[in-house]
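An overview of the molecular structure
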Amino acid sequence: STGLWMITDTKDPAGSDPFGLGAPLYVNLLTAAELITLNGTSDASGNGNSAAPIPSHPFFVGRTYYAQVLWVWPAFVCTSSYLISTSNGLAITILP
């Protein structure tokens, strides 16, 4: 599967579906002042990874970011033409 990895400075604790994709987002894309997106893929078990280097700068210390992956599954994996799903949300606090 192919994933869009999203990291933002704001969260959506309710897990809304702002784009009508049928998959809840716990990162808030609509009000984020900071947004990082990375492309990624997963293996057949759904395990994936992507590196997101964090710059060494005092600005980031103590800040919390929220991450989530939006997955697009190809037709041969699913019964429908494409299936969209999301991972659990993750909070990341930068420590010195």
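Here is a short report on the structure shown in this document. (Residues numbered from 1 in each chain as written. Predicted model: local features only at pLDDT ≥ 70, side-chain atom pairs only at ≥ 80, totals over all residues. Heavy atoms only, no water.)

All right, on to the side chain of Asn 28 then. Structurally, Asn 28 is set in the loop between β3 (25-27) and β4 (35-41). Reaching out from Asn 28, the side chain makes a polar contact with the backbone nitrogen of Leu 30 at a distance of 3.1 Å. Within the local environment of Asn 28, its side chain forms a polar contact with the backbone nitrogen of Thr 31, the two atoms lying 3.2 Å apart. In contact with Asn 28, not counting residues within four places along its chain, are Thr 8, Thr 10, Lys 11 and Asp 12. (Helix = DSSP H or I, 4+ residues; strand = E, 2+ residues; numbered from the N terminus. Polar contact = N/O pair within 3.5 Å; in protein donor to acceptor, adjacent residues only side chain to side chain. Contact = heavy atoms within 4.5 Å.)

A few words now on the environment of Leu 4. Considering the arrangement of structural elements, one finds Leu 4 in strand β1 (residues 2-8). Owing to a relative accessible area of 31%, Leu 4 belongs among the partly exposed residues under this scheme. Separated by 68 residues in sequence, Leu 4 and Val 72 have C-alpha atoms that sit 8.5 Å apart. Beyond its immediate stretch of four places on either side in the chain, Leu 4 contacts Thr 37, Leu 38, Asn 39, Gln 68, Val 69 and Leu 70. (Buried < 20%, exposed > 50% of the residue type's maximum accessible area, 1.4 Å probe, protein only.)

This next bit is on the pattern of salt bridges. A full pass over the atoms with the stated rule returns one salt bridge. Of the charged contacts, one joins Arg 63 and Glu 34 as a salt bridge, the two residues approaching to 2.5 Å between their closest N and O atoms. In this pair, Arg 63 is assigned in the loop between β4 and β5 (64-73) and Glu 34 in the loop between β3 and β4, connecting sequence segments 29 residues apart. When its relative accessible area of 26% is taken as the criterion, Arg 63 is described as partly exposed. (Salt bridge = Lys/Arg side-chain N within 4 Å of Asp/Glu carboxyl O.)

Looking now at the packing of aromatic side chains. A complete count under the given rule lists two aromatic pairs for this structure. With 5.1 Å between their ring centres and 85° between their planes, Phe 59 and Phe 60 make a pair best called edge-to-face. On the basis of relative accessible area, Phe 59 is assigned to the partly exposed category, the value being 43%. Note on Phe 60: relative accessible area 19%, which makes it buried. (Phe/Tyr/Trp six-rings, centres within 6.5 Å; stacked < 30°, edge-to-face > 60°.)

Approximately 430 Å³ is the volume attributed to the largest pocket. Around the largest pocket, the lining is made up of 23 residues, and of these Ile 7, Leu 38, Ala 52, Ala 67 and Ile 92 lie nearest the centre. At the level of elements, β1, β4, β5 and β7 (90-93) are the ones that each hand at least two residues to the lining of the largest pocket. Looking at which element gives the most residues to the lining of the largest pocket, the answer is β5, with five residues. Across the lining of the largest pocket, the residue classes tally to 17 nonpolar, five polar and one charged. (1 Å grid on protein atoms, 1.4 Å probe; cavity = no way out; pocket = protein on both sides within 12 Å on 5 of 7 lines; lining within 4 Å. Points joined across faces, edges and corners; volume = space filled by probe spheres on them. Nonpolar A, V, L, I, M, F, W, Y, C, P; charged D, E, K, R; others polar.)

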